[in-house]
Structure formats: structure tokens, C-alpha cells
Amino acid sequence: MNDKFRQGAELIGKAKRIVAFTGAGISTESGLADFRSTGGLWDRYRIVTYQEFVASHEARMEYWEMRRELIPELLAAQPNAAHKALAGLQQQRKLQTIITQNIDGLHQKAGNDDVIELHGTNLTASCLDCGKMWPIEDIQVRLEADELDPECDRCSGAIKPDTISFGQAMPQKEMNRAFEVAQGCDLMIMIGSSLEVQPAALIPAVAAQGGANLIFINRTETPYDHLADLVFRAGCGEVMRGIVGL
């Protein structure tokens with residue numbers, strides 16, 4: 001074990017209340033490309049805001065065309081070593097909660113059962129009018145039949161994935177709980193986030209202000225690296241295996 005892995009293992013060993021904060025980088029090793037990366041979905045499709053989605057049939061069709069491509073990729077993805085390491089920490093009763101910016105459900109697939117999803121989930125979709133919910137697989141069947149503006153069979157309202165779109169308010173309950181658990185933890189492990197999207201990016205800083213140690217695992221620099229006790233510029237799975245001892 002190299003010195004940095006040993007230091008990370010020691011921080012985990014002495015911690016009583018670990019919270020993880022994860023972004024898109026943890027899922028790239030499961031084959032999911034970062035939307036922002038070159039050639040990613042946001043390179044190939046225009047971003048449709050929440051306001052446009054609600055107001056325009058054409059905008060909804062544009063949005064769902066992108067989703068028709070994305071949904072099978074998300075459903076096929078499987079947890080990688082980093083997801084499994086976090087699940088192992090929860091089984092050891094070391095990890096309290098995962099706060100994630102991801103919509104892929106991979107933490108739950110890995111076995112974690114306390115996951116705060118700041119940007120919602122891709123696994124379900126709901127009617128914006130009456131709230132009826134469907135598994136996303138059911139909506140994908142309709143999309144593949146070229147029904148690119150699916151309507152609710154109960155009230156004819158517009159259906160939208162249960163994810164947070166640009167222009168849509170962040171879920172207040174989830175945000176409040178995320179800041180609460182961050183403030184109460186004694187170690188935060190940040191994995192795969194650029195920490196550029198506010199207000200979620202402030203969560204590791206809140207943990208630091210509460211006295212927590214910080215471990216950052218990200219291939220690129222973040223604006224909050226100076227707060228971290230350890231910074232790893234390597235693959236998420238490699239580092240998590242090294243510091244958790246898998």
C-alpha cells in the first residue's frame with residue numbers, strides 16, 4: 001500500500017460518521033460518459049430548459065429524443081469498484097449517507113440504501129399534472145415507438161423523468177438533508193465531481209467547516225482542493241480499492 005492509500009485508510013479507520021459526495025466521475029468507470037465531455041450528449045443535443053419543456057410540444061419532443069438515446073445506456077450500466085467500495089463501507093456501518101449528483105441509480109444497485117439524489121433519478125418518470133409515476137422502462141417502450149411527447153393516460157398531462165432539469169428548482173428537502181449530514185460528518189469522501197455546480201458544490205466546504213476531514217478523488221482540480229486532507233488524481237475504483245482495502 002502506498003503512503004497516500006495508507007493515509008486514506010487511516011482517515012477511514014478513525015472516522016465514525018462518513019458521508020460520500022459523488023458526481024459524474026464515479027460513473028464513467030461504469031461506461032457512462034459525462035454529459036459535459038467532448039462528444040457527450042450536450043455536444044450533440046441542445047439543452048432544453050424546464051420552462052421550455054412545460055411550455056412547448058416541440059421542446060418536449062426534442063428533450064425526449066435525447067432521452068431515448070440515454071435511457072438504455074443508464075439502465076444497462078452496472079456498479080464499478082468505487083460504488084461497491086462505498087456499499088462495503090455502509091455494510092461495515094462506517095458510511096452514513098451518500099449524497100450524489102448522479103441520476104443513474106448505481107449506488108442503489110451496489111447495495112447502498114441511504115442515498116440523497118440531488119438531481120433526482122432517471123429510473124422513474126411522472127406526470128407533471130397529476131403525479132402518476134411510471135418505471136422509465138415503460139416510457140422507453142413508448143419512445144421507441146416514436147411517441148416523443150408521451151402523455152399521461154389518466155389526465156393527458158405531460159410526462160417528465162424524475163430528474164432535475166436546467167431551470168428547475170433543486171429539491172429543497174434533499175438539499176436541506178444533504179447540508180445537514182455534511183455538517184454532522186467527521187469524514188467526507190468526494191468522488192468524481194468538479195465541484196462547479198452550485199449550491200451542491202458547497203457541500204464539502206460545509207463538511208470542512210463542521211470539522212470533518214476531506215478526501216477528494218477526482219482526475220481534475222476543483223475550487224475546493226485546498227480544503228482536502230488528501231487529494232487523489234487517479235481512477236475512482238483504483239483509489240477506493242486502495243483506501244478501503246478491497
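Residues numbered from 1 in each chain as written. Predicted model: local features only at pLDDT ≥ 70, side-chain atom pairs only at ≥ 80, totals over all residues. Heavy atoms only, no water.

A. Quick look at the overall build of the chain. Looking only at helices and strands, one finds 10 helices and 9 strands in the chain. A compact globule built from 246 residues should have a C-alpha radius of gyration of about 18 Å, and the chain, at 19 Å, falls within 12% of that. Counting only C-alpha atoms, the chain reaches 55 × 30 × 30 Å along its principal axes. Here the chain holds 246 residues, and the buried ones make up 52% of them. Looking at the chain, you have 24 positive and 33 negative side-chain charges, and the mean spots of the two groups are 7 Å apart. (Helix = DSSP H or I, 4+ residues; strand = E, 2+ residues; numbered from the N terminus. Rg over C-alpha atoms; globule rule 2.2 N^0.38 Å. Buried < 20%, exposed > 50% of the residue type's maximum accessible area, 1.4 Å probe, protein only. Lys, Arg positive; Asp, Glu negative; His and termini not counted. Charge placed at Lys NZ, Arg CZ, Asp CG, Glu CD.)

B. Highlighting the environment of alanine 24. Within the secondary structure, alanine 24 is located in the loop between strand E1 (18-22) and helix H2 (41-44). According to the relative accessible area criterion, alanine 24 is partly exposed, its value standing at 28%. Note: C-alpha distance between alanine 24 and methionine 188 (164 residues apart in sequence) is 17 Å.

C. Here's a closer look at the sheet that holds strand E3 (residues 115-117). Pairing is parallel in the open sheet, where 6 strands are placed in the order E3-E2-E1-E7-E8-E9. Across the chains shown, the open sheet's two edge strands, defined by having one partner strand only, are E3 and strand E9 (230-232). This sheet shows a mean twist of 15° between the axes of neighbouring strands, independent of strand direction. Here 5 bridges tie strand E7 (residues 187-191) to strand E8 (residues 213-217), and the two strands are oriented parallel to one another. In the sheet register, leucine 187 faces E8, and the bridge partner there is asparagine 213. Of the strands in this sheet, E1, strand E2 (95-100) and E7 touch helix H5 (residues 81-91), which is tilted by about 145° from E2. Contacts from helix H10 (residues 236-244) reach E7, E8 and E9, with the element oriented near 140° to E8. (Pairing = 2+ DSSP bridges. Axes fitted to C-alpha atoms, helices over the stretch in contact; angles between N-to-C directions. Contact = heavy atoms within 4.5 Å.)

D. Just the sheet that holds strand E6 (residues 159-163), in detail. Reading across the sheet, the 3 strands line up as E5-E4-E6 and stay open at both edges, with antiparallel pairing between neighbours. At either margin of the open sheet sits one strand with a lone partner, and together these are strand E5 (133-135) and E6. Adjacent strand axes in the sheet meet at a mean angle of 40° when their direction is disregarded. Pairing geometry for strand E4 (residues 120-127) and E5, over 3 bridges, is antiparallel. For alanine 125, the partnering residue across the bridge sits in E5 and is tryptophan 134. The sheet contacts of helix H4 (residues 57-76) involve E4 and E6, and relative to E6 the element is tilted by about 45°.

E. Geometry of H5. Most of H5 sits out of view: 9 of its 11 residues are buried. When H5 is considered as a whole, its buried residues turn out to be Ala81, Ala82, His83, Ala85, Leu86, Ala87, Gly88, Leu89 and Gln90. Where H5 is buried, its residues meet helix H1 (3-14), E1, E2, helix H6 (106-110), E7 and H10. If you check the start of H5, you find a side-chain oxygen 2.8 Å away from the backbone N of alanine 82, and it comes from asparagine 80. Directly after H5, the chain includes arginine 93, whose backbone phi takes a positive value near 65°. (Polar contact = N/O pair within 3.5 Å; in protein donor to acceptor, adjacent residues only side chain to side chain.)

F. Seen up close, unusual backbone geometry. Omega for the peptide link from glutamine 198 to proline 199 comes to 5°, which places this bond in the cis form. The topology assignment puts proline 199 in the loop between E7 and helix H9 (203-209). If you check the backbone angles, aspartate 146 has positive phi at about 65° while not being a glycine. For aspartate 146, the position within the fold is in the loop between helix H7 (136-144) and E6.

G. Here's a closer look at the side chain of asparagine 112. Mapped onto the secondary structure, asparagine 112 falls in the loop between H6 and E3. Judged by relative accessible area, which is 3%, asparagine 112 ranks as buried. Polar side-chain contacts of asparagine 112 include one of 3.4 Å to the backbone nitrogen of alanine 87. Side chain to side chain, asparagine 112 and glutamine 90 meet in a polar contact 3.4 Å long. Aside from chain neighbours lying at most four places away, what touches asparagine 112 is His83, Leu86, Ala87, Gln90, Leu95, Ile98 and His107.

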